[in-house]
Amino acid sequence: MRQWMFAAALPLALASATVIAGTPLPDAPHVVVQGEGEVSVAPDAAVVTMVVRHRAATPGEAKRVVDRAVNALLKAAPGFDVAADDITASDLALREEIDYDDNDRALPPAHVASREVKVRIDDLDTLSAYMDAALAAGFTGISDVSFKSSREADLREEARARAVAHAKESASGLATAFGGNLGPVYSINSVNSTQAQGYGNTTLDRVQVTGTRMDSGRYLQPTIDFTERVSAVFEISR
């Protein structure tokens, strides 16, 4: 597990109001600081969103093809250790499409059926194979792959603790540099928290079927960054 930590400090009482919005300030000498903590980890799960669409002359035919693809994928799920609770299949969406010829005359209507399936994969080594299975079952697109960590709550707490530690360290350093001593904390404000994931040079935002066969590939695992920020006001004694 790789971890990085950051901290930022603001000047004494004239700190930017946008940073300390909602944080009360004392009348006595004080220092305002902002601490940031970040923890980066490798994911241990992924949520894959897959879509199947089919266009046919009749709504019944469109529905049959889409349902057949969904049923085939659900049947294959146990082979990848995917539990039923980890699969969410949307209701059928069915619409009529009308095209026109070069003379603006309406052509016979076509019917498009579609369904979306979300699957949580806890074994990332099977991610590529599961997407291949979905495409082989008849799915026409993989619209999103979102990576997760089962330790998210603990990692956020760790990032917050690091943000607090850096805020204290920054406040103490500033107080000493200006010839003062750091006093008690006057107010605390949690600024925000973020979560981001990155691949480096590899991205998997969207996979679209362009043929009848998709070769199995190897995907680089991203990192997930949990970032917490806090602002705090400390009193200063001379």
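Residues numbered from 1 in each chain as written. Predicted model: local features only at pLDDT ≥ 70, side-chain atom pairs only at ≥ 80, totals over all residues. Heavy atoms only, no water.

> Explain the overall build of the protein chain to me, please; I cannot follow it from the model alone.
Looking only at helices and strands, one finds three helices and ten strands in the protein chain. Reading the helices (α) and strands (β) of the protein chain from amino to carboxyl end gives β-β-β-α-β-β-β-α-β-α-β-β-β. Residue pairs at least 24 apart in sequence account for 83% of intrachain contacts in the protein chain once pairs closer than 6 positions are excluded. Just so you have it, the protein chain exposes about 13400 Å², and 50% of that area is on carbon and sulfur atoms. (Helix = DSSP H or I, 4+ residues; strand = E, 2+ residues; numbered from the N terminus. Contact = heavy atoms within 4.5 Å. Areas by Shrake-Rupley, 256 points an atom, 1.4 Å probe, with all protein chains shown as cover.)

> Whenever I open this one, helix α1 (residues 59–76) confuses me. Can you help?
Since the α-helix turns once every 3.6 residues, residues separated by three or four places project in the same direction. In this model, α1 (18 residues) spans 26 Å end to end at C-alpha, consistent with the 26 Å of a helix rising 1.5 Å per residue. Buried within α1 are the following residues: Ala 62, Val 65, Val 66, Asp 67, Ala 69, Val 70 and Leu 73. Looking at the buried side of α1, the elements it contacts are β3 (45–56), β5 (93–97), β6 (110–121) and α2 (127–137). (Expected span 1.5 Å × (residues − 1). Buried < 20%, exposed > 50% of the residue type's maximum accessible area, 1.4 Å probe, protein only.)

> Explain the nonpolar core here, please?
Here is a general trend for soluble globular proteins: nonpolar side chains tend to be buried in one another's company. Judged by nonpolar contacts, the single largest core of 34 residues is most densely connected at Met 50, Tyr 130 and Phe 139. Counting residues per element, the ones that place at least two in this core are β2 (30–41), β3, α1, β6, α2, β7 (141–148), α3 (152–177) and β10 (223–237). Apart from the residues within four sequence positions on either side, Met 50 is in contact with Leu 73, Arg 115, Glu 116, Val 117, Val 119, Tyr 130, Ala 134, Phe 139, Gly 141 and Ile 142. With ten residues, the next largest nonpolar core counts Val 31, Val 33, Phe 234 and Ile 236 among its residues. (Core = buried A, V, L, I, M, F, W, Y, C linked by side-chain atoms within 4.5 Å.)

> Could you clarify how one ought to interpret the pairing of β6 in this entry?
Among the twelve residues in β6, nine count as buried, and that is most of the element. With eleven bridges joining them, β3 and β6 adopt antiparallel strand pairing. Counted as the bridge partner of Ala 46 is Ile 121 from β6. Two elements, strand β4 (residues 87–89) and β6, share three bridges in a ladder whose sense is antiparallel. (Pairing = 2+ DSSP bridges.)

> Before we go on, may I ask you to explain the packing of aromatic side chains in this structure?
Any two aromatic rings considered together are summarised by their centre-to-centre distance and by the angle between their planes. Tallied over the full model, the rule gives one aromatic pair. Judged by centre distance (5.0 Å) and plane angle (85°), the ring pair of Phe 80 and Tyr 130 falls under edge-to-face. Linking Phe 80 in the loop between α1 and β4 with Tyr 130 in helix α2, this pair joins segments that are 50 residues apart in sequence. Residue Phe 80 shares its accessibility class with Tyr 130, and that shared class is buried. (Phe/Tyr/Trp six-rings, centres within 6.5 Å; stacked < 30°, edge-to-face > 60°.)

> What is the right way to read the environment of Thr 194 from this model?
Checked against the element boundaries, Thr 194 lands in strand β8 (residues 181–198). Residue Thr 194 is classed as partly exposed on the basis of its relative accessible area of 35%. With 38 residues separating them along the chain, Thr 194 and Arg 156 place their C-alpha atoms 9.3 Å apart. Residues contacting Thr 194, with those up to four places away along its chain left out, are Arg 156, Asp 225, Phe 226, Thr 227 and Arg 229.

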